[in-house]
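# Observations on chain architecture
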Amino acid sequence: LDYVQGRTLTNRMPLYVKVEKKLSVNDTMWYHRTHFEGTWFDNRGLPGAEPRVDAGAFNSPYRWRPLEWKYGNESYVNERTVGVHQTAWSFVAQMRGHLPDPIGGLFWFGVDDTAHSVHTPVYCASTKVPTAFADRY
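Residues numbered from 1 in each chain as written. Predicted model: local features only at pLDDT ≥ 70, side-chain atom pairs only at ≥ 80, totals over all residues. Heavy atoms only, no water.

### Side note on the overall build of the protein
Applied cut-off: We count a stretch as a helix when DSSP gives it H or I for four or more residues in a row; a strand needs E for two or more, and each element gets its number in order from the N terminus. We compute the radius of gyration from the C-alpha atoms alone; for a globule the expected value is 2.2 Å times N to the 0.38, where N is the number of residues. Whether two residues are in contact is decided by their heavy atoms: any pair within 4.5 Å suffices.
The number of helices and strands found in the protein is two helices and five strands. Secondary structure of the protein in N-to-C order comes out as α-β-β-β-α-β-β. Against the 2.2 N^0.38 benchmark of 14 Å for 137 residues, the protein shows a C-alpha radius of gyration of 19 Å, more extended than a compact globule. Considering only residue pairs separated by 6 or more positions, the protein has 34% of its internal contacts joining residues 24 or more positions apart.

### Notes on the environment of Arg52
Inspection of the secondary structure assignment puts Arg52 in the loop between helix H1 (25-32) and strand E1 (68-71). For Arg52 and Arg33, which are 19 residues apart along the polypeptide, the C-alpha to C-alpha distance reads 21 Å. Excluding residues that lie within four positions of it along the chain, Arg52 makes contacts with Trp40, Asp42, Asn43, Arg44, Gly45 and Arg63.

### Description of the packing of aromatic side chains
This is how it is decided: Ring geometry is summarised as follows: Phe, Tyr and Trp rings, the Trp one being its six-membered ring, pair when their centres sit within 6.5 Å, and such pairs are stacked at plane angles under 30 degrees, edge-to-face over 60 and tilted between the two. Burial classes: relative accessible area under 20% of the type maximum marks a residue as buried, over 50% as exposed, and values in between as partly exposed (1.4 Å probe, protein chains only).
Within this structure, the stated rule accounts for five aromatic pairs. Measuring from centroid to centroid gives 4.8 Å for Phe91 and Phe107, while their planes differ by 20 degrees, and the two rings are stacked. Note that Phe91 is positioned in strand E3 (residues 89-95) and Phe107 in strand E4 (residues 105-111), a separation of 16 residues in sequence. With a relative accessible area of 39%, Phe91 lands in the partly exposed category. In this structure Phe107 comes out as partly exposed when scored by relative accessible area, which is 31%. Each member of the aromatic cluster is reached from another via a ring pair, and the members are Trp89, Phe91, Phe107 and Phe109.

### Describing the environment of Phe91
C-alpha separation for the pair Phe91 and Thr81, spaced ten residues apart in sequence, amounts to 16 Å. Setting aside residues no more than four positions away along its own chain, Phe91 makes contact with His32, Phe107, Trp108 and Phe109.

### Details of the side chain of Ser90
Looking at where Ser90 falls in the secondary structure, it is placed in strand E3. Overall, the relative accessible area of 8% leaves Ser90 in the buried class. Dropping the residues within four chain positions of it, Ser90 is found in contact with Trp108, Phe109, Gly110, Thr114, Ser117 and His119.

Okay, structure coming up:
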């Protein structure tokens, strides 16, 4: 945490860590929804503390554009959390080696904000876009 907070730049974060347990597809989708609530990374500040100066309107976890802003002579940048309204689309890829290739690969597609999107399964054997997602114009 010291490295991320800019306190100790010599204690770098690892490129990866070994997980305690395997993540499910649903776990992955839920992690896409986070705003880091209750952590140091929470845009609104820590619970019980004063709201952060860069919190969104009405202490919302969403930060509106532009992400860069100035106060006095200082310039600031709002870091993006994971589940934000600027997201156009997201996906979770699932590979199931115990199934035949046409149905073993599954692409869970979500439209818009990952904090609220419903993910639709698309099999790797699909040869065209589902009608509901097709461009009709």
